[in-house]
Amino acid sequence: GAVVSQHPSRVICKSGTSVKIECRSLDFQATTMFWYRQFPKQSLMLMATSNEGSKATYEQGVEKDKFLINHASLTLSTLTVTSAHPEDSSFYICSARKGPAVGETQYFGPGTRLLVL
Amino acid sequence: QQQVKQSPQSLIVQKGGIPIINCAYENTAFDYFPWYQQFPGKGPALLIAIRPDVSEKKEGRFTISFNKSAKQFSLHIMDSQPGDSATYFCAASGETSGSRLTFGEGTQLTVNP
């Protein structure tokens, strides 16, 4: 199998605080992980591509200083939402690519629901 | 050119029916076309995927039809069940996009008992 976990599954925080979300590939090594954001009844929007040991590549319009991504090992990537505000409330989903080839399948985590009050 | 257009936005069928969801793409460099199923509050789960060297792929009750010349692909769900009620996303990627998936807008499928 190819299992990807995320922690926490839900988080509520006050405006101005920072929140860290973890994404782990449990039974495979993932050289590349992806972070998505999804608003209700909308499609997934790619935020950034994270390669192990290097800086993340952010999509146009995504603030890299606000959404800090660290991919310190082949099984763990973290997304930190810094100085969160209510408009950052969303469903954040990570995925991991199994295998080094570009066309390899992406497996998604269960998502993290963030609510900023 | 990176867009993937998906239709319909929503679909209601009776149990046993065959819902069909269509996607069209523009980028001829795309060479990997997966379909994902997402239940409310959960992450997407890979259903089935196809590459352009075949015109059809079947896995269980799910079939992808692929028309390379028309740049279209579709998902057929045979003998649909109420448990298939979910949102379905098509996606596409290619080497030029570094395996970044471009998603369709999603189709909310409801299968009535």
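These remarks concern the structure in this document.

The rules we used
- Every chain begins its residue count from 1, and numbering advances along the sequence as written.
- Labels are handed out in written order, letters beginning with A for the chains and numbers beginning with 1 for the ligands.
- Local features are withheld for residues below a pLDDT of 70 in this predicted model, meaning they are given only at 70 or higher, and side-chain atom pairs are given and counted only at 80 or more; totals for whole chains, interfaces and linings count all residues.
- Calculated side-chain values reflect all of the structure's heavy atoms, with hydrogen atoms and water omitted.
- Each helix corresponds to a stretch of at least 4 residues labelled H or I by DSSP, and each strand to a stretch of at least 2 residues labelled E; elements are numbered beginning at the N terminus.
- Between two residues, a contact is recorded if the distance between any of their heavy atoms is within 4.5 Å.
- Values labelled buried area give the accessible surface lost by two parts on being combined, using a 1.4 Å probe and summing over both.
- Between Lys or Arg on one side and Asp or Glu on the other, a salt bridge is scored when a side-chain nitrogen of the former is within 4 Å of a carboxyl oxygen of the latter.
- The buried label goes to any residue with under 20% of its type's maximum accessible area, the exposed label to any with over 50%, and the partly exposed label to all in between, with areas taken from a 1.4 Å probe on protein chains only.
- As used in this structure description, the phrase polar contact means that two N or O atoms lie within 3.5 Å; if the pair is within protein, one of them must be able to donate a hydrogen and the other to accept it, and residues adjacent in sequence are counted only when both atoms belong to side chains.
- Strands were regarded as paired on the criterion that DSSP finds at least two bridges between them.

1. Let's talk about the environment of Ala96(A)
Residue and element names in this part refer to chain A.
Then comes step 1: Structurally, Ala-96 is set in strand 9 (residues 90-97).
Then comes step 2: Between the C-alpha atom of Ala-96 and that of Ala-72, which follows or precedes it by 24 residues, the distance is 14 Å.
Then comes step 3: Once residues lying within four places of it in the same chain are set aside, the contact partners of Ala-96 are Val-4, Ser-25, Phe-28, Ala-30, Thr-32, Met-33, Thr-105, Gln-106 and Tyr-107.

2. Digging into the interface of chain B and chain A
Then comes step 1: The partner chain A presents 21 residues to the 20 residues of chain B that form the contact.
Then comes step 2: The three residues of chain B that bury the most area against chain A are Ser99(B), Arg100(B) and Phe103(B), which together make up 30% of that side's buried surface.
Then comes step 3: Here chain B is connected to chain A by one salt bridge.
Then comes step 4: In this structure, Arg100(B) and Glu59(A) form a salt bridge, with 3.0 Å as the shortest nitrogen-oxygen distance.

3. Overview of the pattern of salt bridges
Then comes step 1: One pass over the full model with this rule turns up five salt bridges over all chains.
Then comes step 2: With a shortest N-O distance of 3.5 Å, Arg24(A) and Glu22(A) are connected by a salt bridge.
Then comes step 3: Given the relative accessible area of 23%, Glu22(A) is considered partly exposed.
Then comes step 4: For the salt bridge of Asp84(B) with Arg61(B), the shortest nitrogen-to-oxygen distance reads 2.8 Å.

4. Concerning the side chain of Lys66(A)
Then comes step 1: Within the secondary structure, Lys66(A) is located in the loop between strand 6 (57-58) and strand 7 (67-73).
Then comes step 2: Only 2.9 Å separates the side chain of Lys66(A) from the side chain of Asp88(A), close enough to count as a polar contact.

5. With respect to the pairing of strand 8 (residues 72-77) of chain B
All names here are of chain B.
Then comes step 1: Of all the six residues making up strand 8, five are buried; the element is thus mostly covered by neighbouring parts of the structure.
Then comes step 2: Two elements, strand 3 (residues 20-25) and strand 8, share five bridges in a ladder whose sense is antiparallel. Bridge assignment links Ile-21 to a residue of strand 8, and that residue is Leu-75.
Then comes step 3: Here strand 7 (residues 62-67) runs beside strand 8; their pairing, made up of six bridges, is antiparallel. Bridge pairing in strand 8 links Phe-66 to Phe-73.
Then comes step 4: Turn length for the strand 7-strand 8 hairpin, with the two strands adjacent in sequence and antiparallel, is four residues, and the turn residue Lys-71 shows positive phi of about 55°.

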